[in-house]
Amino acid sequence: MYFERVEQYGVEQLVFCRDHKSGLKAIIAIHDTTLGPALGGTRMYPYASEESAVDDVIRLARGMTYKSSAAGLNLGGGKAVIIGDPMTDKSAELFHAFGRFIETLNGTYITAEDVGTTVADMDFIRQRTKFVTGISPEFGSGGNPSPFTALGVFHAIRAASLEAFGSAELLGKTIAVQGVGSVAYHLCRYLSEAGAKLIVTDVVQANAERAVMEFGAKMVDVDHIYGVECDIFAPCAMGGIINDDSLPLLKAKVVAGAANNQLKEEKHGDQLAAQGILYAPDYVVNSGGLINVADEWFGYNRERVLSRVEGIYNQLQRIFELSKEQQMPSFRAADRLAEMRIAKHRA
Ligand code: NAD
């Protein structure tokens, strides 16, 4: 039955990895290697069934193909899942066994951290294969990706601002930031340096308070962030926040933030466009972290990373152009652009 899903999503290879001694049960999905080796993190999660693990890994791998392509990287899309509880089921043996499986793929798949895995886990994997990024800085990594993600979001907001308001200048613009964690803390710094007025919220009040203290932000309750008067809404916490409940409340003219999977369903992307709100597609906006981790693979060069992260600005301009040209919402234009780049390489 998995062949059907493999075909439906266009997956090149689905690899089941089992090591009895360490208890490893993992699945690697190599979605598309047209642009290069398939890069994507390893997620560790106690999936209720093998089927749900397969579904997740395929969906995530496909997402990586689009993200890498849209970011202009010469990398394909892949992902891995380890079925297990990251709190109780980790061991050096488990990651060693997983590293051996990755090694057998000869570089078709390169792994990295994801939900449930850490830099320390990647370091164990590295003891068995070189096809791993997101390792400790002493082994050549670019360090914490959050500041790079934040810089990319900042350039994305400038590009969206140019499209929506006719100027990339953020001086005097009001920007509502949902969640002031690792990425958004740095983002708030960039925005405040550019002269934007910030409205912030966070379920952890101390995080929001830090932005109030350091950047003169105004703090609102978690439930009130959607309806505040602002120019730009930057979701930087969790996914699915553009939905039936939030859409009628939004007063912003732009949605551009770091969070993954912001649209609860595709129809919500269509609805944003229908409401005249410009949506900067999340996987393009937040690709700075991927650009940083991918660069380790080519021999880390901070200047190259910064220049590529800045390139998110131009990439979004292309997406907005295509969106207007083809009269399609921006999230569809982003997919189209990613597909076009792959098709061109395939030809
Ligand atoms: P984080 O956990 O450091 O920050 C998230 C913040 O949101 C936290 O301060 C948390 O308290 C807050 N939060 C959670 N639920 C909230 C809610 N309902 N309302 C308001 N605040 C809430 O995570 P992060 O690394 O900053 O990532 C933020 C988002 O960006 C995530 O969706 C992540 O998947 C995405 N992202 C992160 C990176 C990266 O480099 N870290 C890269 C790409 C995408």
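Here, every reference points to the structure presented above.
Reading the values: the criteria
- Residues numbered from 1 in each chain as written.
- Predicted model: local features only at pLDDT ≥ 70, side-chain atom pairs only at ≥ 80, totals over all residues.
- Heavy atoms only, no water.
- Helix = DSSP H or I, 4+ residues; strand = E, 2+ residues; numbered from the N terminus.
- Rg over C-alpha atoms; globule rule 2.2 N^0.38 Å.
- Buried < 20%, exposed > 50% of the residue type's maximum accessible area, 1.4 Å probe, protein only.
- Contact = heavy atoms within 4.5 Å.
- Areas by Shrake-Rupley, 256 points an atom, 1.4 Å probe, with all protein chains shown as cover.
- Lys, Arg positive; Asp, Glu negative; His and termini not counted.
- Charge placed at Lys NZ, Arg CZ, Asp CG, Glu CD.
- Near = heavy atom within 4 Å.
- Polar contact = N/O pair within 3.5 Å; in protein donor to acceptor, adjacent residues only side chain to side chain.
- Nonpolar A, V, L, I, M, F, W, Y, C, P; charged D, E, K, R; others polar.
- Salt bridge = Lys/Arg side-chain N within 4 Å of Asp/Glu carboxyl O.
- Patch = residues over 30% accessible without salt bridge, like charges linked within 9 Å, V, L, I, M, F, W, Y side chains within 5 Å.
- Pairing = 2+ DSSP bridges.
- Right-handed = clockwise from strand over helix to strand, strands pointing away.

Novice: Honestly, the overall build of the protein in this entry has me stumped. Any pointers?
Specialist: Helices and strands together make up the secondary structure of the protein, namely 13 helices and twelve strands. In terms of overall dimensions, the protein is globule-like: its C-alpha atoms have a radius of gyration of 20 Å, near the 20 Å expected for 347 residues. A principal-axis box enclosing the C-alpha atoms of the protein has dimensions of 60 × 45 × 40 Å. When burial is assessed residue by residue, the protein has 54% of its 347 residues classed as buried. The long-range share in the protein, meaning contacts at least 24 apart out of those at least 6 apart in sequence, stands at 64%. On the protein, roughly 15,200 Å² of surface is accessible, and the fraction owed to carbon and sulfur atoms is 50%. Considering the protein, the positive charge centre built from 34 side chains and the negative charge centre built from 42 side chains are found 3 Å apart.

Novice: Could you clarify how one ought to interpret the site of the ligand in this entry?
Specialist: Every one of the 20 residues lining the ligand counts as a neighbour, but Thr149, Ser182, Asp202, Asn207 and Ala237 are closest to it. Separating an oxygen atom of the ligand from a side-chain N or O atom of serine 182 is a distance of 2.8 Å. One of the side-chain nitrogen or oxygen atoms of asparagine 260 is found 2.9 Å away from an oxygen atom of the ligand. Expressed as a share of its isolated accessible area of 830 Å², the protein-covered part of the ligand is 72%. Elements represented by at least two residues in the shell around the ligand include exactly α5 (146-165) and α6 (182-193). Here the shell around the ligand is composed, by residue class, of eleven nonpolar, eight polar and one charged.

Novice: Where do I start with the pattern of salt bridges in this structure?
Specialist: Working definition: two side chains of opposite charge can pair if their charged atoms are close together. One pass over the full model with this rule turns up 16 salt bridges. In this structure, aspartate 114 engages lysine 79 in a salt bridge whose closest nitrogen and oxygen atoms are separated by 3.1 Å. In this pair, aspartate 114 is assigned in the loop between β6 (109-110) and α4 (119-126) and lysine 79 in strand β5 (residues 76-83), connecting sequence segments 35 residues apart. Owing to a relative accessible area of 19%, aspartate 114 belongs among the buried residues under this scheme.

Novice: Help me out: how do you make sense of a nonpolar patch on the surface in this one?
Specialist: On the surface, Val203, Val204 and Val222 cluster together to form a nonpolar patch covering roughly 260 Å² of accessible area. With respect to the element layout, valine 204 can be found in the loop between β8 (197-201) and α7 (205-215).

Novice: Would you explain the pairing of β8 in this entry?
Specialist: Every regular strand shows the same layout, with side chains that alternate between the two sheet faces. Where burial is concerned, most of β8 is hidden: four out of the five residues are buried. Sheet topology note: the strand β7 (residues 174-178)/β8 ladder contains five bridges and is parallel. When the bridges of β8 are listed, alanine 176 appears paired with isoleucine 199. Of the crossover connections in this fold, the one passing from β7 over α6 to the parallel β8 is right-handed.

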